Amino acid sequence: MTVIERQLVEHLITELQGSTSSWQNQIKQRYPHLTAYDLRLCTYLKANLSTKEIATLLNITPDSVKKAKHRLRKKLSIDPTVNWGNAFTDRIG
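The shown structure was predicted, so the numbers you read here are calculated from the model rather than taken from an experiment.

Things to note about helix α5 (residues 62-76)
Between the first and last C-alpha of α5 there are 21 Å, a value that for 15 residues agrees with the 21 Å anticipated at 1.5 Å per step. Every buried residue belonging to α5 is among Val-65, Ala-68, Lys-69, Leu-72, Arg-73 and Leu-76, and all of these are buried. What you see down the axis of α5 is that its buried residues fit within an arc of 145°, all on one side. Looking at α5, the residues exposed on the side facing more than 90 degrees away from the buried face are Asp-63, Lys-66, Arg-71 and Lys-74. Remark: Ser-77 follows α5 within two positions and exhibits a positive phi of approximately 55°.

Quick look at the structure:
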């Protein structure tokens, strides 16, 4: 990753964390068992980032992101056929 790409990623992360803090508080209240990693993944999924983009941000493989998404679906009791954006809108608002 180049210096410019790293700066863009850091900026994106800062923006996502700042703009979604109230949303994260809502999801924490509804699902208190979620870890900080789960909340970060939820934020990226709500921002409609692809598996590859999330993998780059978290510095893990796309397969690891897929596994994490699967585990998160289990924790939130989300059906595999439901789109992530719809899942968060229906559950949190």
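Back to the text.
Concerning the nonpolar core
Soluble globular proteins: nonpolar side chains tend toward being buried together. Ranked by size, the top nonpolar core spans 23 residues in total, and within it Ile-27, Leu-34, Cys-42, Ile-54, Leu-72, Leu-76 and Phe-88 carry the most contacts. It is helix α3 (residues 36-46) that provides the largest number of residues to this core, a total of five residues.

A few points about the packing of α3 against helix α4 (residues 51-58)
Where α3 meets α4, the closest approach of the two axes is 10 Å, and the angle between their N-to-C directions is 140°. The angle between α3 and α4 places the two elements in the oblique class. Taken as a pair, α3 and α4 cross one another with a handedness that is right-handed. When α3 is examined against α4, the residues Tyr-37, Arg-40, Leu-41, Tyr-44 and Leu-45 are found in contact with a partner set consisting of Ile-54, Leu-57 and Leu-58. Counted by class, the contact of α3 with α4 contains seven nonpolar, no polar and one charged residues.

Regarding the packing of aromatic side chains
Following the criterion strictly, the structure yields zero aromatic pairs and no others. Against the face of Trp-84 rests Arg-73, its NZ or CZ located 4.4 Å from the ring centre.

Topic: the confidence of the model for the chain
When pLDDT is averaged along the chain, the result is 81, and 85% of the positions lie at 70 or above. The secondary-structure element of the chain with the lowest mean pLDDT is helix α1 (residues 3-19), recorded at 68, while α5 shows the highest, at 95.

Rules used throughout
- Residues numbered from 1 in each chain as written.
- Predicted model: local features only at pLDDT ≥ 70, side-chain atom pairs only at ≥ 80, totals over all residues.
- Heavy atoms only, no water.
- Helix = DSSP H or I, 4+ residues; strand = E, 2+ residues; numbered from the N terminus.
- Expected span 1.5 Å × (residues − 1).
- Buried < 20%, exposed > 50% of the residue type's maximum accessible area, 1.4 Å probe, protein only.
- Arc of directions from axis to C-beta.
- Core = buried A, V, L, I, M, F, W, Y, C linked by side-chain atoms within 4.5 Å.
- Axes fitted to C-alpha atoms, helices over the stretch in contact; angles between N-to-C directions.
- Parallel < 35°, antiparallel > 145°, perpendicular 65-115°, else oblique.
- Left-handed = near helix turned anticlockwise from the far one by under 90°.
- Contact = heavy atoms within 4.5 Å.
- Nonpolar A, V, L, I, M, F, W, Y, C, P; charged D, E, K, R; others polar.
- Phe/Tyr/Trp six-rings, centres within 6.5 Å; stacked < 30°, edge-to-face > 60°.
- Lys NZ or Arg CZ within 6 Å of the ring centre and 35° of its normal.
- pLDDT = per-residue confidence, 0-100.

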